[in-house]
Each structure stands twice: as structure tokens, then as C-alpha cells.
Amino acid sequence: MTNTTVLISGAGVAGAALGHFLHRDGYDVTVVERAPGLRGSGYAVDFRGAAFDVLDELGILDEIRGHDTAMRGTVLVDADGAEMGRLPAETFAGELEVPKPELTRILHRLTEPELAYVFDDSITTLTQHDDGVAIEFEHGAPRTFDLVVGADGLFSKARRLAFGPHEEALRHLGMSGAGFTADNILGLDHSGVLQTGDGTAIYAFSGADADQMSVSLSFATDAPALDRRPRSEQEEALKGAFAGAGWVAPELLKAMSAAGDFYFSSSTQVHLDAWSTGRVVLVGDAGYCAAPTAGMGTSQALIGARTLARQLAAADGDHPTAFMAYEAELRPYVRENQVKGQEGAAAFGGRDE
């Protein structure tokens, strides 16, 4: 096997899963993550279809099932909170839904003995040569790797350095929003509630912890620029979008400001003509984000990681062959998910492109 040293940028779902599969196949894997430690925030994540096979192959399916939020459905309400209809649990929770921090913790525990994790650091320069990729880090000493994988999300540093500016890859779907945990003032019991209208949406649900509920506040935006702004600016934008809103909006805005797990993101997709260039390849949201409104981000990350690892193994490390096969196999699946993301954004008041 050739190409035995791999740098993965990003310690999230895609990076950890890929690292495990590559280590199993004999690779020496380093994972660099700009956060100082595991990220403890994020929306609940759900699994659908072939993602269950990946979880089983990772050996964590039964443990993941133990954290199921066991949702029973979502109530649709009007501007005053009166019930208008109901949606089945699968609409938002898929076939299985778990809190994202639990998935992150389980994957890290699985892979920590196998991979060389470097937290609180990031790539600053990436230079490709015929026989490797020279990397300079913000803090660590320069190193050269046989292959580099960008698994570092929507605003991937690896993608920007190897493929070009974010603006060339990102396609905004017209909405942004925040997620956080609040007291369960709605008395939700393994159920959710959704209110949409006037360019805003409120979604809240309560799963395992009856005293708490997860809240998502979404609003129409023209670009994903707020994703990279300070929390204070993100909160001000949300307060402006929900100014004058009734029902529980004022209480939720107060809870947002007090939340320790505040998380902001936009419904934005990544569209690239190719997912690899030379010895650099992208996996998960970094290469083909379908937007949160698709409900497929985690499944797509897991399936993408396994597909890339399997193709590298089949090609005996011949990366050009493996990368082409990986992309040819996965693109139809990604294309379907991105259509779902566009349709979901339109349903919440964004754009359906």
C-alpha cells in the first residue's frame, strides 16, 4: 500500500469515522482540529438508510440506539400557538435521532486510541508536491503527509487552501438560525412544535431530558456571512428578525442569550465540480454539504467517510483512482440530498433553487 500518512482536518463525524476506517486499513492518521476540545454543541442528528450499516461497521450502533430521543411527532401551530396540524416523527428525527454531543463523544472515545488528535490548531498553508503535501500549522511544526482530507465543515480551511475562496463553493438557501437548550416551558414530552411565517420559524422539541427542550430559531437571510460573526451580532440579528413576534418568541430570545450551548448556522450548500485535487480530497460538509434542511448531513458524512476509505483500500492506496471512484459512486446520492435541502429551505421560507 502507498500513501500511508494522512492528515484529516476536522474532528467531527466525517473526520473521526474516516480516521477509524483508514487506521483499520493500515494508515497512519493525524487529525487536526481548531477547537480546543470536542465540540459540545449542535442540533440533534438523525440517521437514515445506509448510515445504519456504517454505524454497525464502526461497532457503535447499539450504543447510539441507547441515546435515541424517541420522538413521537411534531405539532404545527399558528402565530398564537394554536394547533394547526401534526407531522410524523420521521419528518425531523429520521429513523433514529440522538443528541449530536453524544455522537461526537462516542466517536472520539472509539478513535482516540487509534488516531493522533491535535486540538487547538489548524492548517495555515498547504503546498502539494509530486510525492506529498507540505503543511504548515498555526501552532505545530511543519509536516509532510501523503494525503490530506478536508473534513472541516462548511467553511473548510482545507477546501479554501486547496480549491479556492469559500464564495466559489457556497450556495446560500436564504435562511440562517440558532440552536440552543432552554427550560421546557412548553411541556413537550418526546415531541416537537413548529411555527412558521413571515420569514421566521420556531422549532422546539424535548427528548430524553423532560426538563429541557432544544430550540431552533430560523430567519430569512441573504448570505451565510453571520456564521462567522461574533455571537453578539448573531443574537442581535435574531432579535431583529423576531421583533414583535408573539407566542413564546420573547421568552425564547431571553433563553437564547443565557444559553451555554448556543450554536449558529446557515442553510448553505457546497457545490464543487470535483471533490479532490491532487493529493487533497474532501469528505462530508466540506465537500458536498446538503444544508441542515436536508436532514441528511450526518448520514451523508458517515456514508462518505466509509465510501472514501473503501475506495482507497480497493485501489491499494492509488489515490487518483480511489478519489475518482469515490466521487463517481457518491455524487448521485449527494445530488438527491441537496435537492431535499433546497426543498426543506423553501418550506421554512428560504429559497428552492
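Residues numbered from 1 in each chain as written. Predicted model: local features only at pLDDT ≥ 70, side-chain atom pairs only at ≥ 80, totals over all residues. Heavy atoms only, no water.

Looking now at the packing of helix α10 (residues 297-314) against helix α11 (residues 319-347). At their nearest, the axes of α10 and α11 sit 8 Å apart, and the two run at 155 degrees to each other. The pairing of α10 with α11 is recorded here as roughly antiparallel in orientation. In this structure, α10 crosses over α11, and the sense of that crossing is right-handed. On α11, the residues touching Ser 299, Gln 300, Ile 303, Gly 304, Thr 307, Leu 308, Arg 310, Gln 311 and Leu 312 of α10 are His 319, Ala 322, Phe 323, Ala 325, Tyr 326, Glu 329, Leu 330, Tyr 333, Val 334 and Asn 337. (Axes fitted to C-alpha atoms, helices over the stretch in contact; angles between N-to-C directions. Helix = DSSP H or I, 4+ residues; strand = E, 2+ residues; numbered from the N terminus. Parallel < 35°, antiparallel > 145°, perpendicular 65-115°, else oblique. Left-handed = near helix turned anticlockwise from the far one by under 90°. Contact = heavy atoms within 4.5 Å.)

Helix length check: α11, at 29 residues, gives a terminal C-alpha distance of 40 Å against a target of 42 Å (1.5 Å per residue), a fit within 8%. Residue Arg 331 marks the point of greatest curvature in α11, where the axis turns by about 40 degrees; the proline Pro 332 follows within four residues. (Expected span 1.5 Å × (residues − 1). Bend = angle between axes of the 7 residues up to and from the residue.)

Summarising the element assignment, Val 29 is placed in strand β2 (residues 28-33). In this structure Val 29 comes out as buried when scored by relative accessible area, which is 2%. C-alpha separation for the pair Val 29 and Pro 320, spaced 291 residues apart in sequence, amounts to 19 Å. Apart from residues no more than four positions distant in its own chain, Val 29 is found in contact with Val 6, Ile 8, Gly 19, Leu 22, His 23, Leu 115 and Ala 116. (Buried < 20%, exposed > 50% of the residue type's maximum accessible area, 1.4 Å probe, protein only.)

Right, let's get into the pattern of salt bridges. If you walk through the whole model with that rule in mind, you get 13 salt bridges. Here Glu 57 makes a salt bridge to Arg 24, at a shortest N to O gap of 2.7 Å. Of this pair, Glu 57 sits in helix α2 (residues 51-58) while Arg 24 sits in helix α1 (residues 13-24), and the two are 33 residues apart along the sequence. Given the relative accessible area of 35%, Glu 57 is considered partly exposed. Two residues, Arg 306 and Glu 57, come together in a salt bridge whose shortest N-O distance is 3.3 Å. Here Glu 57 lies in helix α2 and Arg 306 lies in helix α10, a separation of 249 residues in the sequence. Among the charged side chains, a salt-bridge network with shared partners connects Arg 24, Asp 25, Glu 57 and Arg 306. (Salt bridge = Lys/Arg side-chain N within 4 Å of Asp/Glu carboxyl O.)

With 18 residues, α10 ought to run about 26 Å at 1.5 Å a step, and its terminal C-alpha atoms sit 26 Å apart, in line with that. Across the 18 residues that make up α10, a large majority, 14, are buried. One or two residues past the end of α10 sits Asp 316, with phi positive at roughly 55 degrees.

To continue, consider the sheet that holds strand β10 (residues 143-145). One open sheet accounts for 3 strands, arranged β8-β9-β10; its pairing is antiparallel. For this open sheet the edge positions go to β8 (123-129) and β10, each flanked by a neighbour on one side alone. Averaged over neighbouring strand pairs, the angle between their axes works out to 25 degrees when direction is ignored. Alignment of β8 against strand β9 (residues 132-137), held across 6 bridges, turns out to be antiparallel. Its bridge partner being in β9, Leu 126 is matched across the sheet by Ile 135. (Pairing = 2+ DSSP bridges.)

These results come straight from atomic positions and should not be treated as a statement about function.
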